[in-house]
Amino acid sequence: MSDTTIPLPLTLASGVERLFPTLTPAQIERIAARGRVCSFRPGEVLIEVGARVVPFFVVLRGRIEVVRPAARNETLVAIHGPGQFTGEVNMLSGRPALLRSRASEAGEAIELDHEQLLTLVQTDSELSELFMRAFILRRVELIAHGLGDVVLLGSNHCSGTLRVKEFLTRNGHPYSYIDLDRDTDVQDLLDRFQVTASDVPVLICRGEVVLRNPTNQQIAICLGFNEVIDGSQIRDVVIVGAGPAGLAAAVYGASEGLDVLVLETNAPGGQAGSSSKIENYLGFPTGISGQALAGRAYTQAQKFGAQVIIAKRAQRLACERQPYAVEVDVSVSVAARTIIIATGASYRKPAIENLAFYENAGVYYGATFMEALLCRGEEVVVVGGGNSAGQAAIYLAQTAKRVYMLVRSSGLAESMSRYLVRRIESNPAIVLRTNTEIVNLEGSNHVERVRWRDHRSGAVDTRDIRHVFLMTGAVPGTQWLDGCVALDANGFIKTGLDLSQDDLAAAHWPLARSPYLLETSLPGVFAVGDVRGGNIKRVASAVGEGSIAISFVHRVLSA
Ligand SMILES: Cc1cc2nc3c(=O)[nH]c(=O)nc-3n(C[C@H](O)[C@H](O)[C@H](O)COP(=O)(O)OP(=O)(O)OC[C@H]3O[C@@H](n4cnc5c(N)ncnc54)[C@H](O)[C@@H]3O)c2cc1C
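All of the points below concern the structure found in this document.

About the thresholds
- Residues numbered from 1 in each chain as written.
- Predicted model: local features only at pLDDT ≥ 70, side-chain atom pairs only at ≥ 80, totals over all residues.
- Heavy atoms only, no water.
- Helix = DSSP H or I, 4+ residues; strand = E, 2+ residues; numbered from the N terminus.
- Buried < 20%, exposed > 50% of the residue type's maximum accessible area, 1.4 Å probe, protein only.
- Contact = heavy atoms within 4.5 Å.
- Areas by Shrake-Rupley, 256 points an atom, 1.4 Å probe, with all protein chains shown as cover.
- Lys, Arg positive; Asp, Glu negative; His and termini not counted.
- Charge placed at Lys NZ, Arg CZ, Asp CG, Glu CD.
- Salt bridge = Lys/Arg side-chain N within 4 Å of Asp/Glu carboxyl O.
- Pairing = 2+ DSSP bridges.
- Axes fitted to C-alpha atoms, helices over the stretch in contact; angles between N-to-C directions.
- Core = buried A, V, L, I, M, F, W, Y, C linked by side-chain atoms within 4.5 Å.
- Phe/Tyr/Trp six-rings, centres within 6.5 Å; stacked < 30°, edge-to-face > 60°.
- Lys NZ or Arg CZ within 6 Å of the ring centre and 35° of its normal.
- Parallel < 35°, antiparallel > 145°, perpendicular 65-115°, else oblique.
- Nonpolar A, V, L, I, M, F, W, Y, C, P; charged D, E, K, R; others polar.
- Patch = residues over 30% accessible without salt bridge, like charges linked within 9 Å, V, L, I, M, F, W, Y side chains within 5 Å.
- Disulfide = S-S within 2.5 Å.

Focus on the overall build of the protein chain
Helix and strand counts for the protein chain come out as 17 helices and 28 strands. Each of the three principal axes of the protein chain carries a C-alpha extent, and together these read 85 × 65 × 45 Å. Per-residue burial for the protein chain yields a buried fraction of 52% across its 559 residues. Put simply, 67% of the contacts in the protein chain that link residues at least 6 apart link residues at least 24 apart. If you sum the accessible surface of the protein chain, you get close to 25600 Å²; carbon and sulfur atoms cover 51% of it. Distance from the positive charge centre (54 side chains) to the negative charge centre (58 side chains) of the protein chain: 4 Å.

Quick notes on the pattern of salt bridges
Counted by the stated rule, this structure contains 29 salt bridges. A salt bridge links Glu105 to Arg63, with the shortest nitrogen-to-oxygen separation between them at 3.5 Å. With Glu105 in the loop between strand 6 (100-103) and strand 7 (107-112) and Arg63 in the loop between strand 3 (56-61) and strand 4 (64-68), this residue pair connects regions lying 42 residues apart in the sequence. Asp236 is the partner of Arg337 in a salt bridge, and the nearest nitrogen-oxygen pair spans 3.0 Å. Of this pair, Arg337 sits in strand 17 (residues 333-341) while Asp236 sits in strand 12 (residues 234-240), and the two are 101 residues apart along the sequence. Residue classification places Arg337 among the partly exposed residues on the basis of a relative accessible area of 40%. Judged by its relative accessible area of 16%, Asp236 is buried. In the salt-bridge network here, residues are joined through shared partners; they are Glu48, Glu65, Glu74, Arg100 and Arg102.

Let's talk about the sheet that holds strand 7
The strand order 1-7-3 describes an open sheet built from three strands, whose pairing is antiparallel. The open sheet has two free edges, formed respectively by strand 1 (36-40) and strand 3, since each of these has just one partner strand. Strand-to-strand twist of the sheet, defined as the mean angle between neighbouring strand axes without regard to direction, takes the value 35 degrees. Strand direction decides the pairing type here: strand 3 and strand 7, joined by five bridges, are antiparallel. If you follow Val58 over to strand 7, its bridge partner there is Ile110. Those strands touched by helix 5 (residues 114-123) are strand 3 and strand 7, and its axis lies near 75 degrees from that of strand 7.

A short note on the pairing of strand 17
The buried count for strand 17 comes to seven of nine residues, which makes it a mostly enclosed element. Pairing of strand 12 with strand 17 involves six bridges; the strand directions are parallel. Note that in strand 17 the partner of Val238 across the bridge is Ile339. As defined by bridge partners, strand 16 (residues 324-327) adjoins strand 17 across four bridges and the pair is classed as antiparallel. Considered in strand 17, the bridge of Tyr324 is made with Ala336. Linking strand 16 to strand 17, which pair antiparallel, is a turn of five residues.

Remarks on the nonpolar core
By size, the foremost hydrophobic cluster in this structure holds 44 residues, and its most contacted members are Leu168, Leu203, Ile239, Val260, Ile340 and Phe526. The dominant element in this core, judged by the number of residues it contributes, is helix 10 (residues 244-255), at six residues. Ile28, Val59, Val89 and Met91 belong to the second largest nonpolar core, which has 32 residues in total.

Overview of the sheet that holds strand 8 (residues 150-154)
Strand order in the open sheet formed by four strands is 9-8-10-11, and the pairing between neighbours is mixed. The sheet terminates laterally at strand 9 (176-179) and strand 11 (209-212), the two strands that pair on one side only. Geometrically, the sheet is characterised by an average inter-axis angle of 15 degrees between neighbouring strands, direction not taken into account. On top of the sheet, helix 7 (residues 159-170) reaches strand 8, strand 9 and strand 10 (202-205); it is set at about 155 degrees to strand 8, its chief contact.

Here's the deal with the packing of aromatic side chains
Counting across every chain of the model gives 13 aromatic pairs. With centroids separated by 6.0 Å and ring planes inclined at 15 degrees, the aromatic side chains of Tyr281 and Phe284 adopt a geometry described as stacked. For Tyr281, a relative accessible area of 19% translates into the label buried. The interplanar angle of 50 degrees and the centroid separation of 5.2 Å between the aromatic rings of Tyr404 and Trp452 together place this pair among those described as tilted. A residue pair is termed long-range when its members are at least 10 positions apart, and Tyr404 in strand 21 (residues 402-406) and Trp452 in strand 24 (residues 449-454) qualify at 48 residues. Tyr404 sits in the buried class, given a relative accessible area of 3%. The exposure class of Trp452 is buried, given its relative accessible area of 2%. Linked through ring pairs, Phe56, Phe85, Phe131 and Phe135 together constitute an aromatic cluster. Taking NZ or CZ as reference, Arg95 lies 3.9 Å from the ring centre of Phe225, over its face. Above the face of the Tyr177 ring, Lys165 is positioned so that its terminal group lies 3.9 Å from the ring centre.

Some points on the packing of helix 3 (residues 25-32) against helix 6 (residues 125-144)
At a minimum axis distance of 11 Å, the contact between helix 3 and helix 6 shows a crossing angle of 100 degrees. Here helix 3 is positioned roughly perpendicular relative to helix 6, judged by the angle of their axes. In this structure, helix 3 uses Gln27, Arg30 and Ile31 to contact helix 6, whose residues at the interface are Glu126, Leu127, Leu130 and Phe131. Its residues placed into classes, the contact of helix 3 with helix 6 shows four nonpolar, one polar and two charged.

A closer look at a negative patch on the surface
Judged by side-chain charge, Asp183, Asp185, Asp188 and Asp191 come together as a negatively charged surface patch. Its place among the elements puts Asp185 in helix 8 (residues 184-192).

Section: the state of the cysteines
For the structure shown, the criterion picks out two disulfides. Here Cys319 is linked by a disulfide to Cys484, with a sulfur-sulfur distance of 2.1 Å. Every disulfide takes its handedness from the sign of the S-S torsion; for Cys319 and Cys484 that torsion is -85 degrees, giving left-handed. Of the two residues, Cys319 sits in the loop between strand 15 (316-318) and strand 16 while Cys484 sits in the loop between strand 27 (474-476) and helix 16 (501-506), which places them 165 residues apart along the sequence. Taking the relative accessible area as the measure of exposure, Cys319 reaches 21% and is therefore partly exposed. Residue Cys484 is classed as buried on the basis of its relative accessible area, which comes to 10%. Take the cysteines of the protein chain that form disulfides and number them in order along the sequence; they join up as 1-2, 3-4.

Purely spatial values, then, with no claim about function.
Okay, here's the thing in structure tokens:
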């Protein structure tokens, strides 16, 4: 039993009824029909920390307490009484248990295994909504209170620490953080164990394993983020990339009965996951953070049975064979009848300190109607000398007071269309600054000031400008494809009608039919979202394309 009981953090949280709902007799009856009744003794551990097989319990009689064990003290997290149920997000993901569940009194419960719970949430919409909401809210509370199985020791001035924090946060994994810059006692301790600056951050995983400056993949392994990939299985569809496009494909594919495996290099959410607030995604009138959107989509995909593998990069597409295979590690490859490439793009980013802090808070990678509204009547900066920068400058100049166009080289790119060059040169609202680069952004929560330097004169200019558009191009995530599919002049994947007869002839397109919408020059291989040539660079379009691709996957599978 507990040495020390810390006040119940979760039950103190607001919305306790949503976190710990009490089921009605009718609901309990429906659950009982799927599971078995078991009895427990006081003190009996029902779920141990780290357990991979995590049953789900609905208490009928007695109580189950949930604790976070520690060497000296244990933290009491919650108590489930009659009509209440155990579990949080990892009930669906199949990840190891973060907390210990133990009977605090003798009693009885209905027990469901992982598969039985999945079937229940897929078939009973009322219970599905109730469980989902409670699981997600419980995970949010665990994160808020740092009640996980990870302690991170690091410094906010260390890029490795920031990387690990971002990885844990974007994977929705709760952790406690010890700041070595503030806690000198801990720093002394580390010194004694000869933990040097290059070993920081240090991650104590599940209270057992000490990892020094671990890679994301090492963390994923230690925390049991992934189930073992069964290399002998041929999947209906392997989706590469878990940004909005890949997650949408996973949700639609798995919900329509396909055997889906998703591979993701980093964390679910892709570019959208780094956005602090997405305001133009349908159905969220007050906006939603990219991370919340990604977290929900990730849980939704798992609810329908998609297997999502985190921190695993697709290294190569074996396209010379049928079925195709995606090589993950030297030893692991996954065979698939169809492939959806959803590897997105990454923006070329100038080396500006704190750039990430200002993303969506004054720094933008696209100039749409929404951004134009934001900076109406104000001065703005557009960085870049190519076509996209030129188009953005002309577009923004219609509403902005002045557009400073900063170009690192001595002029606009040779590739810029002549009509754009003429319009920029003749537009009095656009001021072109060549040989110039931003050196600094300032502002408390939003960009308020921009400093730029002219390389020839060395002069630094400081302006009170609140909007910076970085239009320096995006690099598509196609390196791993190694010539398997036809690309456009900028390296993005050509699909559907964009594939010319010459493209198809060069790719030896073997079928009588033309490629489907979103299908690449390789039959049964689709490209969706920002990696696709002509993409729209929107969360909604990426999600839409992910869902559309699944309808064509069905056609390929049934041919
Ligand atoms: C800061 C920011 C804010 C934004 N705000 C908005 C907004 O408010 N509204 C809006 O509509 N759009 C917004 N966008 C654009 C939107 O986020 C993108 O259009 C969208 O995320 C594209 O989705 P995607 O799934 O195609 O690609 P991505 O989001 O780029 O996801 C691709 C995923 O594939 C993974 N991956 C890449 N290579 C591999 C590999 N070899 N193996 C395995 N995985 C791989 C990546 O790690 C990544 O997670 C924003 C973008 C950024 C950067």
